[in-house]
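# Descriptive analysis of the structure
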Amino acid sequence: MRSLVRETHLRPSALLYPLFICPGEGVRKEISSMPGCFNLSIDEAVKEAEECAALGIGGLLLFGLPAEKDEQATGAWAEDGIVQTALRELKKNRRLDSLVQIADVCLCEYTSHGHCGVVARDGDHFEVENDSSVALLAKTAASLAKAGADIVAPSDMMDGRIAAMRDALDEGGLEQTAIMSYAAKFASAFYGPFREAADSAPQFGDRRSYQMDGANMREAMREIDLDIAEGADMLLMKPAMPYLYVIREARGRYDLPMGAYQVSGEYSMLHAAFQRGWLEPERAMMESLLGIRRAGADFIVTYFAKDAAKVLG
Ligand code: PBG
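Within every chain, residues take consecutive numbers counted from 1 along the sequence as written. Reporting of local features is limited, given that this is a predicted model, to residues whose pLDDT is at least 70; pairs of side-chain atoms are given and counted only at 80 or more, and all residues count toward the totals for whole chains, interfaces and linings. In computing side-chain properties, one takes all heavy atoms of the structure into account and sets aside hydrogens as well as water.

## A look at the site of the ligand
Put simply, the rule reads: In these notes, residues near a molecule or strand are those with any non-hydrogen atom within 4 Å of it. Nitrogen and oxygen atoms within 3.5 Å of one another constitute a polar contact, given that in protein one can donate a hydrogen and the other can accept it, and given that sequence-neighbouring residues count only through two side-chain atoms. Methods summary: accessible areas were calculated by the Shrake-Rupley approach with a probe of 1.4 Å, and residue burial reflects only the protein chains presented.
The local shell around the ligand holds 18 residues, among which Lys185, Arg195, Lys238, Ser264 and Tyr303 are the closest. Between an oxygen atom of the ligand and a side-chain N or O atom of Tyr303, the distance comes to 2.5 Å. Protein coverage of the free-state accessible area of the ligand, which is 400 Å², stands at 100%.

Have a look at this one:
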């Protein structure tokens, strides 16, 4: 009877699994703060993707660790960039057809300073320049779409990026590529482990000039309004657990498909408790995911995607 009257359901096809692609061959390097997650070379990423497809997972969210970084984030938009190359391999493999290939669009993994955009420096003062960053981000989105991304997912939080990306995609004949906007992304301590995983910690300053203040609900809604007006096809809310009621509020206001990102810190803190025997892994994992769905997310980006899919069967 409990199952008959259940209001919220989890299914593998509404889970997205992040992958961190690195150069080399046969590389499978565990991320110390994220047990069970790895930096993977392309050949290993393909194996991981095959496992995800077999488990019925909905898609992948791809991040890249380039061999070299510079001030212009060349690796982000280069035709032979790490994620572009990975996308071509993944798209070639028929066993992966059921997976939606989503490319994260940001510059932080590719800039030598680790900021999400172009930095102008004047002595001790620095500024992340909005407009020159947007130009590079749009170029990055078009290049990832051309390499095969079904969806591009900008996580940089610069202003005006969605409109610029839509234009760049349309001009490149990539009208079919959808944009999933990280519309409401809060400056959060919970991204800590990701910065190890993606080697993207800012070398100076922090991300508060472009990511949102966790105290601001109305501003979050305004960011979403702007992204919808600029042409976003779907929305991503992030982090999830400390912001569940923001997801709820957005679900009530907007009709666009909406997902939530259970970020690295949410995963790591649960794992830390699992390691100490303080929480029951399977129950705590499923409860954390169900809470996000109940708040109103249609789909969830989660490092637990494979583990949860195995439980769901
Ligand atoms: C890139 C980006 C970040 C995350 C996703 N895209 C890091 C950040 O903004 O610092 C975080 C994801 C996670 O913590 O799992 N800008």
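## Some words on the packing of helix H8 (residues 244–253) against helix H10 (residues 281–295)
Formally: Inter-axis angles, ranging from 0 to 180 degrees, are taken between N-to-C directions of lines fitted to C-alpha atoms, where helices are fitted over the stretch in contact. For the purposes of this entry, the term helix denotes a DSSP run of H or I that reaches at least four residues, the term strand denotes a run of E that reaches at least two, and both are numbered from the N terminus. Roughly parallel means an angle under 35 degrees; roughly antiparallel means over 145; roughly perpendicular covers 65 to 115; every other angle is labelled oblique. Contact definition: two residues touch when any of their heavy atoms are within 4.5 Å. In this classification, Asp, Glu, Lys and Arg are treated as charged, Ala, Val, Leu, Ile, Met, Phe, Trp, Tyr, Cys and Pro as nonpolar, and every other residue, Gly included, as polar.
At their nearest, the axes of H8 and H10 sit 8 Å apart, and the two run at 30 degrees to each other. The angle between the axes of H8 and H10 places the two elements in the roughly parallel class. Along the contact surface, H8 presents Leu244, Ile247, Arg248 and Arg251, while H10 presents Gly291, Ile292, Arg294 and Ala295. By residue class, the composition of the contact of H8 with H10 is 4 nonpolar, 1 polar and 3 charged.

## A short note on the pairing of strand S7 (residues 125–129)
Each regular strand displays side chains that alternate between the two surfaces of the sheet. So the rule is basically this: Here the rule is simple: two strands pair whenever DSSP picks up at least two bridges between them.
Where strand S6 (residues 118–122) and S7 come together, 5 bridges link them in antiparallel fashion. By the bridge assignment, Arg121 is partnered in S7 with Phe126.

## A look at the packing of aromatic side chains
Here is the rule we go by: Aromatic rings from Phe, Tyr and Trp, taking only the six-membered ring of Trp, are treated as a pair when their centres fall within 6.5 Å; an angle between ring planes under 30 degrees marks them as stacked, one over 60 as edge-to-face, and anything in between as tilted. Think of it in three bands: with a 1.4 Å probe and only protein chains considered, a residue is buried below 20% of the maximum accessible area for its type, exposed above 50%, and partly exposed in between.
Counting across every chain of the model gives 11 aromatic pairs. A ring pair is formed by Phe63 and Phe194, whose centres lie 5.0 Å apart and whose planes are at 75 degrees; its orientation type is edge-to-face. Of this pair, Phe63 sits in strand S4 (residues 59–64) while Phe194 sits in helix H6 (residues 192–197), placing them 131 residues apart in sequence. For the pair formed by Phe63 and Phe194, the shared burial category is buried. Pairing Tyr267 with Phe304 gives two aromatic rings, centres 4.6 Å apart and planes at 55 degrees, and the pair type is tilted. Within this pair, whereas Tyr267 is found in helix H9 (residues 264–275), its partner Phe304 is found in the loop between strand S12 (299–302) and helix H11 (305–312), the two being separated by 37 residues in sequence.

## What to know about the side chain of Ser268
Tracing the backbone shows Ser268 in helix H9. For Ser268, a relative accessible area of 14% translates into the label buried.

## Quick notes on helix H5 (residues 161–171)
Working note: α-helix, 3.6 residues per turn, so residues spaced by three or four point in the same direction. Which entries qualify depends on this criterion: When we speak of the arc, we mean the arc of directions from the helix axis to the C-beta atoms.
Burial in H5 covers these residues: Arg161, Ile162, Met165, Arg166, Ala168 and Leu169. When H5 is viewed along its axis, its buried side chains cluster within an angular range of 165 degrees and face the same direction. Residues of H5 that are buried sit in contact with strand S5 (100–105), helix H4 (130–146), strand S8 (151–154), strand S9 (178–185) and helix H7 (217–230). Backbone geometry just after H5 places Gly173 at a positive phi near 75 degrees.

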